[in-house]
Every structure is written in C-alpha cells, then in structure tokens.
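# Summary of the model geometry
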Amino acid sequence: MSTLSAAAIAILVFCAPGYPGSADDAQPLLDQFASALVTASGWPAGSLAAVYDPTEEGGVAKLSSADAALAFVPYPFFVEHAAQLHLTPLVQADVADVGPQQRWTLVAKSGRVTGPASMAGYTILSVAGYARDFVRHSALESWVLPPDVKIEATGQILSALRRVAAGEPVAALLDQNQAAALPSLPFATELKAVMQSPELPVAIIAVVDSRVTAGRARSLQAGLLKMGHVSGSADSLGPLLLHGFVLPKLPPHTTAP
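Quick summary incoming for the structure in this document. (Residues numbered from 1 in each chain as written. Predicted model: local features only at pLDDT ≥ 70, side-chain atom pairs only at ≥ 80, totals over all residues. Heavy atoms only, no water.)

### Details of the overall build of the chain
This is how the line gets drawn: The helix count covers DSSP runs of H or I at least four residues long, the strand count covers runs of E at least two residues long, and both are numbered beginning at the N terminus. We compute the radius of gyration from the C-alpha atoms alone; for a globule the expected value is 2.2 Å times N to the 0.38, where N is the number of residues. The buried label goes to any residue with under 20% of its type's maximum accessible area, the exposed label to any with over 50%, and the partly exposed label to all in between, with areas taken from a 1.4 Å probe on protein chains only. Residues count as neighbours in contact if any of their non-hydrogen atoms are within 4.5 Å of one another. Each accessible area is a Shrake-Rupley result for a 1.4 Å probe, and residues are judged covered by the shown protein chains and nothing else. Note on charges: Lys and Arg go in the positive column, Asp and Glu in the negative column, and His and the chain ends are not counted at all. Think of each charge as sitting on NZ of Lys, CZ of Arg, CG of Asp or CD of Glu.
Across its full length, the chain carries 8 helices and 13 strands. Against the compact-globule benchmark of 18 Å for 257 residues, the chain has a radius of gyration of 19 Å, which places it among compact chains. When the backbone C-alpha atoms are referred to their principal axes, the chain occupies close to 60 × 35 × 30 Å. Within the span of the chain, comprising 257 residues, buried residues form 51% of the whole. Counting only contacts in the chain whose residues sit at least 6 apart along the sequence, the fraction spanning at least 24 positions is 80%. In the structure as shown, the chain presents an accessible area of about 11100 Å², 56% of it carried by carbon and sulfur atoms. Placing the 15 positive and 20 negative side-chain charges of the chain at their respective mean positions leaves the two points 5 Å apart.

So, in structure tokens, the structure goes:
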C-alpha cells in the first residue's frame, strides 16, 4: 500500500461489467467528470485522471495497479471485491430514473418457482452474475438457495428472459430498470417476479487501498456531494446518467475492506 502525494496524479477507475459501453465512447465523458470533480473538490488542476473498463477482470486488474486511487463501480462489484481491493466507500451514486438505491427482482417461469428449494438445478442469469456473493447474500439474502444452483453473468437480459419464458430451468435476476421493462415484453404473462431484494446501493465511489490521504479523501467526498447542485459539476453528470451523490448507506452485511 502506498499513499499518493498531493502532487501525484490519482487514477479513478470506472468499471461496469455487463452494461453496454466501450472505453473509447466513455473516455470523453469521464474526462469531463474528472475535471469537474477536481474543481468541486479543490484539488490541483490535472491531479485526477479517469479510465474505464467494461469487464470484471479488466477492472480488477486496473484497480490492482499502484496508481489506481479511486473506484467507481456497481454495488455488486463492490460486494465481490471490496475486501480483495481494500475499497473504502466515500459516496454512492444517485442515478437518473433509479435513485441512490434499488431493488433487484428474481424472475422465473410462471408457476415454476414457489420458494428457494424449488430452484434446485436452476441457473440464475444476471448482469450481476459475476458477483456470486452479491447474488446469494445481498440480492437473495432472504433465500437459502440449494447448493447446486449456478450463477452466471450475462449482458443479454432479453435472451435470458426468453429462456425463462420457454420453461428452461433458469431464472433471471434483474436490476430496477430491467424489472420495470418487464410488462412491455410480449411474453410477460409467462414470467413472474418471485422475490425482491431489500433496497441496495446502485453504485459506489471508493478509495482504493488507502492510496488517497485522509485530507484529500475528505475534500473529494465534499466535492462529490456538491456535484449536481452547481452548474459546472451538474453538466458533467447528465451524460453519465447521474443526478449526484449521497453519503454511503450500506447494508450491515456488506464486506468491510
């Protein structure tokens, strides 16, 4: 572990496994966000740079590098890797059309799943399927799944739901936006929401392995909380589908770094 000096350039790593977007498309938006965050936080100009990786493996690799100081990741990624990467949350994102928290919904073929035991032999497909601890212990914390249930990642949720509707032994775990779109599907009557998670954070910005000094972290947190309330900062949030940031409100079972 090493703490970045005030003169060093800190790297903010964005990672969103399973969601659409490429590094090339994201980079101009991230540059704008990093510049606005530096201004809001009172950091020296040019002291923060941002990079994006759309994969879990790539995100972990980038966050493991010595110059990675901050992580902006979905909550499932945080749950899965907070201990390994020593992530200390600063804020959670207030996401457009969702808010700072969301519920995840488990969807199965109508009439097939009546409780956890009836899922023996099933596969759960989800954009968060790479984060198995999150699926079992956060999203489905009130269910004790049979040990043979498989959990797999997919970015093709519509295809997954077609498999569910066709009667395959699969269920889909949906985020809030995906669940909201269910009634619009032509095969919606073949699907049933069988359980819903408690409210969970959508995304987290965290310090990586204490690589930001306590004073700089406090100024960063204050700057993030101001964003969305001042015009220059707000302009950088809209393209990222953000309203702003709030203080972390993590469930008590969340893994500590």
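### Quick notes on helix 2 (residues 56–63)
To keep it simple, the criterion reads: Definition of a polar contact: a pair of N or O atoms within 3.5 Å, with one able to donate and the other able to accept a hydrogen when the atoms are protein atoms, and with sequence-neighbouring residues admitted only if both atoms are side-chain atoms.
Along helix 2, the positions that sit buried rather than exposed are Glu56, Gly58, Gly59, Val60 and Leu63. Looking at the buried positions of helix 2, the neighbouring elements they touch are strand 1 (10–15), strand 2 (48–53), strand 3 (68–74), helix 3 (75–85) and strand 12 (203–208). The distance from a side-chain oxygen at the start of helix 2 to the backbone nitrogen of Gly58 is 2.9 Å, and the residue carrying that oxygen is Thr55.

### A short note on the nonpolar core
Quick note on the threshold: Here the nonpolar core consists of buried residues drawn from Ala, Val, Leu, Ile, Met, Phe, Trp, Tyr and Cys, with membership extended through side-chain atoms lying within 4.5 Å.
Of all hydrophobic cores here, the largest spans 42 residues; its most connected members are Leu63, Leu106, Met119, Ile124, Phe134 and Leu140. Residues in contact with Phe134, not counting those within four places in the same chain, are Tyr75, Pro76, Val79, Glu80, Trp104, Ala128, Ala139, Leu140 and Leu200. Core analysis: the next-biggest nonpolar cluster, separate from the first, contains 36 residues, Leu12, Phe72, Ala93 and Val95 among them.

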